[in-house]
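# Structural overview for review
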Amino acid sequence: MNNPSSQVTTPRPAREGKGGGSLTRTDFNLPGQVSVYHGKVRDVYNINDDLMVMVATDRISAFDVILPKGIPFKGQVLNQIAASFLDATADIVPNWKLATPDPMVTVGLKAEGFRVEMIIRGYLTGSAWREYKAGCRELCGVKLPEGMKENQKFPEPIITPTTKAEEGHDENISAEEIIKQGLVSKEDWETMVKYTRALFQRGTEIAAKKGLILVDTKYEFGKRDGKVILIDEIHTPDSSRYFYADGYEEKFAKGEPQKQLSKEFVRQWLIEHNFMNQPGQVMPEITDEYAQSVADRYIELYEHIVGEKFVPADSEGDIARRIERNVTEWLNSIHNS
């Protein structure tokens, strides 16, 4: 999760967009609540130092800043995709998920998170391509082949980890430095690498069945009772990039941009409006129409990758109250069982 200091949020749950309200802030008082952490897009509640209630809000971030308008149904889309993939990979990697008491919430086991994010890339695109185009031929200690083109598939997926910064940007780091600095033990690192490759392979197979290519993604791991487990979300458009398989080869051969489902289109829109969170740059206006267009893209990805019609949760009433009621009932039920 990320530093909350750069948040741009409204003080109360906001109603934005045309297809329902959007939730940009929570302030719950849950049974057994010890603390709450407001991240860039999620609010995480610590329950009795044993469970975590992760609320996927409708906030959206890019270039380490929160956009000033929520995206309707984004939180539900992210939460339900992540829950689906956590279930679909539980046989190969142990994870933190216990339940989804609300469409925007996952409850799971609290773990001590590693200060490293595991980024795995199957294709040369995004920030890796920008660095490669600038002349970089080594990324996080991984040597890159000469003569590659944008969106080209790597011979084998590469792992390019980053440190999880408390403030500012996450920094690229090599496996050697991770172990040398004591961020992760050699044994735990090897486990994380094994899990990362297995998850990416499973995600790739699931995407292929839906006509998509899982291009790159990130995973976060933690430790509980001496065991490495997968935490956080996985294979969502906020943490992953997907291309459409149909047309990939033709577009690649012509050097054309790939049709993709990911948050990259938001970054590209900001770049086109001269915003990359650099000094002096001003955030462009996020209109209701643009927020709804982003929501439509998120829903499109949900329906592609999950393979089911998206069913919007009730967003016309008080979304925060609905979530707090559902989570409270679930926590009380396990307390009383």
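See above for the structure.
Bear in mind that the values here come from a model prediction, so they are computed numbers and not experimental data.

Conventions we followed
All residue numbers refer to position in the chain's written sequence, counted from 1. Where totals are concerned, whole chains, interfaces and linings use all residues; where local detail is concerned, this predicted model gives features only for residues with pLDDT of at least 70, and gives and counts side-chain atom pairs only at 80 or more. Note that the side-chain values use all heavy atoms of the structure and ignore hydrogens as well as water. Throughout this description, buried means an accessible area under 20% of the type-specific maximum (1.4 Å probe, protein chains only), exposed means over 50%, and partly exposed covers the range between. Each helix is a run of DSSP H or I of at least 4 residues and each strand a run of E of at least 2, with the numbering of both proceeding from the N terminus. Two strands are counted as paired when DSSP detects at least two bridges linking them. To obtain an axis, a line is fitted to C-alpha atoms, over the contacting stretch when the element is a helix, and the angle between two such axes runs from 0 to 180 degrees between their N-to-C directions. Working definition: roughly parallel below 35 degrees, roughly antiparallel above 145 degrees, roughly perpendicular at 65 to 115 degrees, and oblique for all remaining angles. Each crossing gets its hand from how the near helix is turned against the far one by less than a right angle, where anticlockwise is left-handed and clockwise is right-handed. Contact definition: two residues touch when any of their heavy atoms are within 4.5 Å. Asp, Glu, Lys and Arg are counted as charged, while Ala, Val, Leu, Ile, Met, Phe, Trp, Tyr, Cys and Pro are counted as nonpolar; the rest, among them Gly, fall into the polar class. Multiplying one less than the number of residues by 1.5 Å gives the expected span of a helix. Take the buried Ala, Val, Leu, Ile, Met, Phe, Trp, Tyr and Cys residues and link them wherever side-chain atoms come within 4.5 Å; each set so joined is a nonpolar core. Using a grid of 1 Å spacing that covers the protein atoms alone, one calls a set of points a cavity when a 1.4 Å probe fits there but cannot get out, and a pocket when the set is open and has protein on both sides within 12 Å along at least five of seven lines; lining residues are those with an atom within 4 Å of a point. Grid points are joined across faces, edges and corners, and a volume is the space filled by probe spheres set on the points. In what follows, salt bridge is the name for a side-chain nitrogen of Lys or Arg lying within 4 Å of a carboxyl oxygen of Asp or Glu. Nitrogen and oxygen atoms within 3.5 Å of one another constitute a polar contact, given that in protein one can donate a hydrogen and the other can accept it, and given that sequence-neighbouring residues count only through two side-chain atoms.

### Brief notes about the pairing of strand β7 (residues 105-109)
Along any regular strand, the residues point their side chains to alternate faces of the sheet. Counting buried positions over the five residues of β7 gives four, a clear majority of the element. Pairing analysis gives five bridges linking strand β3 (residues 51-56) to β7, with the strands arranged antiparallel. Residue pairing for β7: V55 is matched across the bridge by V105. One ladder, built from three bridges, connects strand β6 (residues 97-102) with β7; its direction is antiparallel. Following the sheet pairing, D102 is matched in β7 by V105. In sequence, β6 turns back onto β7 through a hairpin of two residues.

### Overview of the packing of helix α1 (residues 74-89) against helix α7 (residues 288-306)
Relative orientation of the contacting elements α1 and α7 amounts to 20°, with a least axis distance of 9 Å. Taken together, the axes of α1 and α7 are roughly parallel relative to one another. Two packed elements cross with a definite hand, and for α1 against α7 that hand is left-handed. Of the residues in α7, those touching α1 at K74, V77, L78, Q80, I81 and F85 are Y298, I299, L301, Y302, I305 and V306. Of the residues contributing to the contact of α1 with α7, the split by class is 10 nonpolar, one polar and one charged.

### What to know about α1
Quick reminder: α-helices carry 3.6 residues per turn. Residues three or four places apart thus point the same way. Its 16 residues give α1 an end-to-end C-alpha distance of 23 Å, which sits within 8% of 22 Å, the value for a rise of 1.5 Å per residue. Across the 16 residues of α1, 12 count as buried, placing the element largely inside the fold.

### Examining the nonpolar core
Among the nonpolar cores identified, the biggest contains 61 residues, and Y219, F221, Y242 and I305 are the most heavily contacted of them. Element by element, the count of residues in this core is highest for α7, at 10 residues. Counting 18 residues, the second-largest nonpolar core is a separate cluster that includes Y45, V53, I323 and W330.

### What about the packing of α1 against helix α4 (residues 186-209)?
Geometry of a packed helix pair, given as the angle between the helix axes and the separation of the axes. For the pair α1 and α4, interaxial distance at closest approach is 11 Å and the crossing angle is 115°. By the criterion of interaxial angle, the relationship of α1 to α4 is roughly perpendicular. When you trace α1 past α4, the crossing you get is right-handed. For the pair formed by α1 and α4, the contact residues are F85, A88 and T89 on the first element and L199, R202, G203 and I206 on the second.

### Considerations on the layout of surface pockets
The computed volume of the largest pocket comes to approximately 1,300 Å³. Taken together, 39 residues form the lining of the largest pocket, with D64, I119, S127, D170 and R267 sitting closest to its centre. Those elements that provide at least two residues to the lining of the largest pocket are β4 (61-62), β8 (112-123), α2 (126-133), β13 (171-172), β14 (212-224), β16 (240-244) and α6 (264-272). Classifying every residue of the lining of the largest pocket gives seven nonpolar, 14 polar and 18 charged.

### Concerning the pattern of salt bridges
Evaluation of the coordinates by the stated rule reveals 21 salt bridges. With its nearest N and O atoms 2.7 Å apart, the salt bridge here joins E190 to K186. Separated by four residues within a single helix, E190 and K186 lie in helix α4, roughly one turn from each other. The salt bridge partner of E303 is K309, with a shortest N-O separation of 3.8 Å. Each of the salt bridges in this network shares a partner with another, and the network as a whole consists of D50, R224 and D225.

### Overview of the side chain of N46
Within the secondary structure layout, N46 lies in strand β2 (residues 42-47). For N46, a relative accessible area of 8% corresponds to the buried category. One polar contact links N46 to D49, side chain to side chain, over a distance of 2.7 Å. Apart from residues lying up to four places away in sequence, N46 is in contact with G32, Q33, V34, S35, L51, M52 and K110.

### Here's the deal with the sheet that holds β7
Taken in spatial order, the five strands make up an open sheet running β1-β2-β3-β7-β6, and their pairing is antiparallel. At either margin of the open sheet sits one strand with a lone partner, and together these are β1 (33-38) and β6. Going across the sheet, the axis of each strand differs from the next one's by a mean of 20°, ignoring polarity. Where α1 meets the sheet, its contacts fall on β3, β6 and β7, and the angle it forms with β6 comes to roughly 150°. Against the sheet, helix α8 (residues 319-336) engages β2, β3, β6 and β7, with an angle of about 135° to β6.

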